[in-house]
Amino acid sequence: MFPIDLLDATPEGASSAHHSPLLANLNDEQLAAVTLPAGHALILAGAGSGKTRVLTTRIAWLLQTGQATPGSILAVTFTNKAAKEMLARLSAMLPYNVRGMWIGTFHGLCNRLLRAHYQAAKLPQAFQILDTQDQLSAIKRLCKQFNVDDERFSPKQLMYFIAGCKEEGMRPGDVVVSDPDTRKKVEIYQLYEEQCQREGVVDFGELMLRSFELLRDDVHLRQHYQRRFQHMLVDEFQDTNKLQYQWLKQLAGDVVEGRFVSSSSVIAVGDDDQSIYAFRGARVGNMADFIREFDVRNQIKLEQNYRSHSNILDCANALISHNSNRLGKSLRTDQGPGEPVRIYEAPSDLAEASWMVDEIKQLVKSDGFKRQEIAVLYRSNAQSRVIESALFNASIPYRVYGGLRFFERAEIKHALAYLRLLENPHDDTSFMRVVNFPPRGIGARTVEVLQDTARSSGTSLNDAVTAVGGTAGTKLQGFVAKMDVLRERTQGKTLREIIETIEEESGLIEHYRSEKEGADRIENLQELVTAAESFVTQEGFGRDAVALPLDEHSGTSAITQSPVSQGLDPRAPLLNEPLKPAEGTLASLVNADTGETLSPLQAFLVHAALEAGDNQAQAGQDAVQLMTVHASKGLEFDAVFIGGVEEGLFPHENAMMDRGGLEEERRLAYVAITRARKRLYLSHSQTRMLHGQTRYNVKSRFFDELPEEALKWITPRQAGFGTFTPNSGAGGAYGAGAGGRFGSNSGWGGRAGSTSEIFASPPVPKQKAEPSHGIKAGLNVFHNKFGEGKVLAVEGAGDDARAQVSFGRHGTKWLALSIAKLTIVS
DNA sequence: ACATTGATGATTTTT
DNA sequence: TCATCAATGT
């Protein structure tokens, strides 16, 4: 077998490649990582240490020195973005195409595996993938059908339960039932599984679990892939969950007589200090398990940081040193100390935002920072609102990360549901989504009857329509007939034509044309056509769909060059057996057994499910970047603001409940700090509006863990109003902000004005001062929403104080004075 | 069918 | 506080 020969040749290959331009400019640590000998290894890659470069150079080096063929390489990431970047860098580095390699996300690779072996995995040929939204609606549908008490078991909770089980590798039968609640949940889990199987759909967790089981249970298949993937590289290893680790293990080797035996090389790259996804099942412990179970001999630390000045790194290092059970790592830089890390204490969240705005103006105007290179990070999304307002009022363009992604938008989901119904009429989730959208007189009652009918006859909704009588039945049958006609009509059409036809004939376009906010949606529907078009061209659909032009230089073995039709016979000896078509994006959608390919539409639907699309607001403009700390992982900026560094927020109070919660919060802070290249600002506020209540927060304990000599407190002396100028720049030109969310917010000025009272009397935590509101019966007051009114009565004191106010048109209301903003009018 | 109201809950999130 | 969503009313 080729790997053996090639591995024997490693020493020469390695030494001669030493002078290769590939390896130029690598530091010693990086070079060692890139040229690691065969065998499992762990690379502890600190923030900004050139991790992706090492990963890609390693692959290029393996190929260039002849130690590996493209077909023997598997590289797995968590996000599509990371996978794309890796692919892009590799194709820039390598003289030939990168098709033979398996590079992708865990879910993307699982999808490939399941497509190639759908029969062995007991899935229909064109199985659909449910995203989180679809999964939730599938569960809701199920709950309704089986009369699950949604007080006791909310669909969301059930979804988390099911996803959690799958992440742990557990089928319903594997869950240990200790209480009646769990028993019920497991029951629903079981029913959900049956429903998915019946409808031919899989959720994200199922992609992982099903392909894990496929590998585990099919020894021929497993060994085939084990032989094939001699070089596996795992990015962000600290984020892997239990199932993903087990999945890797299946691919890497077998347990023989209680010992794990593997002949491949698994390189795990990660940073335990940047593990921030425990809440979604990530197990940092996988790193220690990996070292033990894979008998890792080589561990390399990448500690040279190429990003930040040393004051910033000193803060990061000092902070993270307060965590226990670290694998141990300390970042260093050749860049000088740079500016001190600035710390600001604001009297309120509004003042904090206003300070940020002033500081950003300064950075851009005087210090030559680009707005794009300035980021404002926060612990929770709720914090963005005030910052957005402040930026908007100051006419500073900004961009918020983390809204709805393209393929998650309602209109896109609707169009996709129609497309899915074309492919699979039994996809009840899609059926439900569009049976009455746009409205065609099929009401809730009708749908209920249909669901009952379908359940009792054990068929899909589509097939049950004939059994419904009356006008309701006629309408349903009309819908199904329409879909049948469309299915017929789109036969043999190009993807573009199919989508255009569907968008028009479904009535979606028409529907949105008559809606006031519909213009954007129609634009998105057109964008969907464009996306499909570029998908087709990029992926090479439409021409040469089966015969892959394999580059001669790729040195692929018989395995990768085999004609698709030779396929896999599970009983045939697999050694030297050509069986895998799965090369590159296109061939991955070719089935190993039958050589069937997915149609362009089917492939596009897979793409849409697996890649939710852009996560950011419109790009282009030079805008300040706003995002959560989580979203900032992997990014870097010249200047970084971290707001709300307060007890209860950062570290977050909810995180303190779970074991290890504080340490994860600290890692989160570590991630945030290490985003900054030149300038770092940390701020906290004495008061903050949260859930409609003013909260008094003390500054975060994390400040106490930073080295004094790297810091500079820049809070001005608080004398009365201090330096705060409420609502500076108010009335400035609207339309400059990228968001535009505040374009119609005429109430803003009034709100900012009323909060300025907070500054007049700085808050004293917990102390209940006498009624500062000054509201008395008989006074005339003004309310932002209800307008002017007369106070009829006041009762209670402090935070509990309430006033009964009569607002002419809006009636009489009791208002909590700590919440409602009442201003006294003469 | 559609608008309006009231309850609810509100870290972090990719696939 | 404020968005979302199911339930209710016209």
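Since the model is a prediction, treat every value here as computed from it, not as a measurement.

A. Quick peek at the overall build of chain A. Helix and strand counts for chain A come out as 30 helices and 23 strands. A buried classification covers 53% of the 826 residues belonging to chain A. Taking all contacts inside chain A whose residues are at least 6 apart in sequence as the whole, residues at least 24 apart take part in 75%. Carbon together with sulfur atoms contributes 50% to the accessible area of chain A, which is approximately 36200 Å² in total.

B. The protein's contact with DNA strand B, seen in detail. Close contacts around DNA strand B come from 26 residues, with Asn-80, Arg-379, Asn-381, Arg-405 and Thr-628 the closest. The sugar-phosphate share of atoms of DNA strand B within 4 Å of the protein amounts to 56%. Interatomic distance of 2.7 Å between a side-chain N/O atom of Arg-379 and a base oxygen of DNA strand B. The class makeup of the residues in the surface near DNA strand B is seven nonpolar, 15 polar and four charged.

C. Inspection of the environment of Gln-67 at higher detail. Residue position: Gln-67 is located in the loop between helix H4 (51-64) and strand S2 (73-77). For Gln-67 and Ala-38, which are 29 residues apart along the polypeptide, the C-alpha to C-alpha distance reads 9.2 Å. A polar contact is formed between the side chain of Gln-67 and the side chain of Thr-65, at a distance of 2.7 Å.

D. Local environment of the pattern of salt bridges. Summed over the entire model, instances satisfying the criterion amount to 55 salt bridges. In this structure, Lys-51 and Glu-236 form a salt bridge, with 3.2 Å as the shortest nitrogen-oxygen distance. Of this pair, Lys-51 sits in helix H4 while Glu-236 sits in the loop between strand S6 (231-234) and helix H12 (242-252), and the two are 185 residues apart along the sequence. With a closest N to O distance of 3.4 Å, Lys-633 and Glu-236 form a salt bridge. On the criterion of sequence distance, the pair formed by Lys-633 in the loop between helix H28 (629-632) and strand S15 (637-642) and Glu-236 in the loop between S6 and H12 is long-range, its members being 397 residues apart. Residue Lys-633 is classed as buried on the basis of its relative accessible area of 15%. Linked through salt bridges whose partners overlap, the residues forming this network are Lys-166, Arg-171, Glu-193, Asp-203, Glu-206, Arg-210 and Glu-213.

E. Just the sheet that holds strand S1 (residues 41-45), in detail. Spatially, the six strands line up as an open sheet ordered S3-S2-S6-S9-S1-S10, and their pairing is parallel. Edge positions in the sheet fall to strand S3 (102-105) and strand S10 (298-302), since each of these pairs with one other strand and no more. Across this sheet, the average inter-strand angle for adjacent strands is 15°, counted without regard to direction. Pairing analysis gives four bridges linking S1 to strand S9 (residues 265-270), with the strands arranged parallel.

F. Quick peek at the confidence of the model for chain A. Predicted confidence across chain A gives a mean pLDDT of 82, with 79% of residues reaching 70 or more. Note on residues 1-17: pLDDT is under 50 here. Beyond four places in sequence and across chains, it has 15 contacts.

G. Looking closely at a negative patch on the surface. Negative charge collects at one region of the surface, where Glu-515, Glu-517, Asp-520, Glu-523 and Glu-527 lie side by side. Mapped onto the secondary structure, Glu-517 falls in the loop between helix H23 (508-513) and helix H24 (518-539).

H. Here's a closer look at the packing of aromatic side chains. One pass over the structure, following the stated rule, counts 22 aromatic pairs. With a centroid separation of 5.3 Å and an interplanar angle of 50°, the aromatic rings of Phe-237 and Phe-290 are classed as tilted. Pair noted here: Phe-237 is in the loop between S6 and H12 and Phe-290 is in helix H13 (residues 285-293), with a separation of 53 residues, a long-range link. The class of Phe-290 is buried, set by a relative accessible area of 0%. Relative to Tyr-681, the ring of Trp-355 has its centre 5.8 Å away and its plane inclined at 70°; by these criteria the two rings are edge-to-face. Pair noted here: Trp-355 is in helix H15 (residues 349-365) and Tyr-681 is in strand S16 (residues 676-690), with a separation of 326 residues, a long-range link. The residues Trp-355 and Tyr-681 share a single accessibility class, namely buried. An aromatic cluster of at least three residues, connected via ring pairs, comprises Phe-237, Tyr-245, Phe-260, Phe-290 and Phe-294. Above the plane of the ring of Trp-102 lies Arg-112, whose end atom (NZ or CZ) is 5.1 Å from the centre. Note that Arg-280 overlies the ring of Tyr-277, its terminal NZ or CZ placed 3.7 Å from the centroid.

I. Geometry of unusual backbone geometry. The step from Phe-437 to Pro-438 runs through a cis peptide bond, and the omega angle for that step is -5°. Tracing the backbone through its elements, the reader meets Pro-438 in the loop between helix H18 (428-434) and helix H19 (444-457). For the peptide bond that leads from Phe-650 to Pro-651, omega is 10°, which places it in the cis range. Topologically, Pro-651 is positioned in the loop between S15 and helix H29 (661-673). In this structure, Asn-147 takes a positive phi of about 50° despite not being glycine. Along the chain, Asn-147 falls in the loop between helix H7 (132-145) and helix H8 (155-167). With relative accessibility at 67%, the residue Asn-147 sits in the exposed group.

J. Focus on the side chain of Asn-111. Take Asn-111: it is sitting in helix H6 (residues 106-116). Under the relative-accessibility criterion, Asn-111 is labelled buried at 4%. Contacts of Asn-111, omitting those with residues within four sequence positions, involve Phe-127, Ile-129, Leu-207, Val-606 and Leu-610.

K. Structural context of the nonpolar core. Trp-247 and Phe-290 are the most contacted members of the largest nonpolar core, which has 65 residues in total. Leaving out residues up to four positions away in the same chain, Phe-290 has contacts with His-40, Ala-41, Leu-42, Phe-237, Tyr-245, Val-266, Ala-268, Asp-295 and Val-296. In this structure, Phe-406, Phe-437, Val-465 and Leu-528 belong to the second largest nonpolar core, which totals 46 residues.

L. Molecular detail of the side chain of Arg-210. Of note, Arg-210 is situated in helix H10 (residues 204-217). A polar contact of 3.5 Å, which involves the side chain of Arg-210, links it to the backbone oxygen of Lys-122. With sequence-adjacent residues up to four places away left out, Arg-210 is seen in contact with Leu-114, Ala-121, Lys-122, Leu-123, Arg-171 and Gln-197.

M. Looking closely at helix H5 (residues 80-93). With 14 residues, H5 should cover 20 Å at 1.5 Å per step; its first-to-last C-alpha distance of 20 Å lies within 8% of that length. Among the residues of H5, those classed as buried are Ala-83, Met-86 and Leu-90. Looking straight down H5, one finds its buried side chains confined to an arc of 65°; they lie on one side. Facing away from the buried side of H5 by more than 90 degrees, the exposed set consists of Lys-81 and Ala-92. Check the buried side of H5 and you find it contacts H4, S2 and S3.

N. Spotlight on the pairing of strand S11 (residues 341-348). Judged by how many residues are buried, S11 sits mostly within the fold: seven of eight residues are covered. Strand direction decides the pairing type here: S11 and strand S18 (residues 711-713), joined by three bridges, are parallel. Looking across to S18, one finds that Val-341 is bridged to Leu-711. Direction of pairing for S11 relative to S16: parallel, over a ladder of six bridges.

O. Structural view of the state of the cysteines. Counting across every chain of the model gives zero disulfides. Free cysteine Cys-165: the closest other cysteine sulfur is in Cys-196, separated by 14 Å. Since its relative accessible area comes to 5%, Cys-165 is described here as buried.

Cut-offs and rules
Residues numbered from 1 in each chain as written. Chains lettered and ligands numbered in written order. Predicted model: local features only at pLDDT ≥ 70, side-chain atom pairs only at ≥ 80, totals over all residues. Heavy atoms only, no water. Helix = DSSP H or I, 4+ residues; strand = E, 2+ residues; numbered from the N terminus. Buried < 20%, exposed > 50% of the residue type's maximum accessible area, 1.4 Å probe, protein only. Contact = heavy atoms within 4.5 Å. Areas by Shrake-Rupley, 256 points an atom, 1.4 Å probe, with all protein chains shown as cover. Near = heavy atom within 4 Å. Polar contact = N/O pair within 3.5 Å; in protein donor to acceptor, adjacent residues only side chain to side chain. Nonpolar A, V, L, I, M, F, W, Y, C, P; charged D, E, K, R; others polar. Salt bridge = Lys/Arg side-chain N within 4 Å of Asp/Glu carboxyl O. Pairing = 2+ DSSP bridges. Axes fitted to C-alpha atoms, helices over the stretch in contact; angles between N-to-C directions. pLDDT = per-residue confidence, 0-100. Patch = residues over 30% accessible without salt bridge, like charges linked within 9 Å, V, L, I, M, F, W, Y side chains within 5 Å. Lys, Arg positive; Asp, Glu negative; His and termini not counted. Charge placed at Lys NZ, Arg CZ, Asp CG, Glu CD. Phe/Tyr/Trp six-rings, centres within 6.5 Å; stacked < 30°, edge-to-face > 60°. Lys NZ or Arg CZ within 6 Å of the ring centre and 35° of its normal. Core = buried A, V, L, I, M, F, W, Y, C linked by side-chain atoms within 4.5 Å. Expected span 1.5 Å × (residues − 1). Arc of directions from axis to C-beta. Disulfide = S-S within 2.5 Å.

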